[in-house]
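# Tertiary structure, described
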Amino acid sequence: QADYIKALDKLGAEFDNNIYPNLTEFYGKPWEPGIDNDLRITFLLSPLKDSFGGYFSSKDEYPAKDMPTSNEREMVYINASDINNKDFNILKTFVAHEFTHLIIFHKKEKTRNVSEDVWFHESRAEYSSTILGYSNPYTGSVLENRVNNFVENFSDPLGEWKNQTADYGIVAILTQYLKDNYATGMILVDTLKNDKSGIDSINEVLRVNGSSEKFDDIFLNFAIANNINDRTIEDNKYGYANENLKAIKLPIHTTALLGSGSKITQAISLKDWSFRYYKFEGSAKMAKITLSKASTNDVFEVAVIIENSNGTKTIQKIDLNQKETDLYVSGLGSSVRSFVVVPVAINKISNFMDNDASYRLDLTVESVDHVTPAIVSLSSG
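All of the points below concern the structure found in this document. (Residues numbered from 1 in each chain as written. Predicted model: local features only at pLDDT ≥ 70, side-chain atom pairs only at ≥ 80, totals over all residues. Heavy atoms only, no water.)

## Topic: helix α8 (residues 198-208)
The α-helix advances 3.6 residues per turn, and as a result positions three or four apart in sequence lie on the same side. To keep it simple, the criterion reads: With a 1.4 Å probe rolled over the protein chains alone, any residue whose accessible area is under 20% of its type maximum counts as buried; one over 50% counts as exposed, and the rest are partly exposed. Numbering of helices and strands starts at the N terminus; helices are DSSP runs of H or I of at least 4 residues and strands are runs of E of at least 2. Whether two residues touch is decided by their heavy atoms; if any such pair falls within 4.5 Å, the residues are in contact.
Taken together, the buried positions of α8 are Gly198, Ile199, Ser201, Ile202, Glu204, Val205 and Leu206. Those residues of α8 hidden inside the fold are in contact with α3 (88-112), α4 (118-131), α7 (184-190) and α9 (215-228). Positive backbone phi, at 80°, marks Gly210, one or two positions downstream of α8.

Structure representation (structure tokens):
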């Protein structure tokens, strides 16, 4: 009992001295004095499933006459069994995460009557541990755990939310990528100030700040970065600045060997905001890449990462505006060591479900002797 009270005192001090002042400085304050007319935040210690560190319920922010299960107070739920059984660094991360949800609810739902997309709600909450310095030391941190979740399940679509570790992995690492390359404060904080949610809110902030990029450009760059992780290429957006994340290099989905006269076909099924890597090696004077959509209306963006014989890399990006698009890479096996085709599906930008539709894309790569006129040819240098 004494150890339990001691742990609670330590957690309370961490909230008062670090979590509350730093997160409210970054994101802003929660609803104060709130529905209960009390500046204090209530933490309810309750037995939860072992996999749950805690949660926030927006129902508590409404009168009980409208929400019968409301506790009518600003509150966060924490797994009581974790107080003595979890590493303190993990425990304080849970508290920070759930407190961030309380803040974001006030900024978007309460103030602007906008229901934030789950994935973006979680992105901000995941980033709270970085704001508070909880990722250092990296070993044993929640960030290290999220990196492992991401590497093991990187094909998990961003918007589709099943509340599984894979879902948290991709949102956490995407937010770290934004931090290193796209002024995360601008994206995470300025999006709280408009009346849009999720991807729409990000695109609005980019537009207001004069950026020529949209979220689909950022996400394609994110997919490229997780294959090469090298910030020296082109505009320095293809990797991580964080030393702890420089080792991320996601596995290739399929590697194929191309030879004279060979033809390789791969049927690809992608959900929105997910990606794959298809690598081609071998020897071909000219490699013809054909990308064929199942439906003209389906929206994909594709990157081709060309590794030259001297070890440098060239990035080419293509919008698949036609039902079928042909591309060419010359000198495979001589001036080019290999190339990786990276498709991303980008049809739906809001109203994500827990089981969204998949989109079909056929990829064919074959060895040919010449380039058809008026077809895009990808330079290797």
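## A look at the pattern of salt bridges
Inclusion rule: When a carboxyl oxygen of Asp or Glu lies within 4 Å of a side-chain nitrogen of Lys or Arg, that pair is called a salt bridge.
Under the counting rule described, the total for this entry stands at 17 salt bridges. We note a salt bridge from Glu213 to Lys237, for which the minimum N-O separation is 3.0 Å. Linking Glu213 in the loop between α8 and α9 with Lys237 in the loop between α9 and β4 (254-258), this pair joins segments that are 24 residues apart in sequence. On the basis of relative accessible area, Lys237 is assigned to the buried category, the value being 18%. One salt bridge connects Arg337 with Glu307, and the closest N-O pair in it is separated by 3.1 Å. Of this pair, Arg337 sits in strand β11 (residues 336-345) while Glu307 sits in strand β8 (residues 300-308), and the two are 30 residues apart along the sequence. Given a relative accessible area of 45%, Arg337 falls into the partly exposed group. Here the salt bridges do not stand alone but share partners, grouping Glu160, Lys162 and Lys271 into one network.

Geometry only, nothing functional implied.
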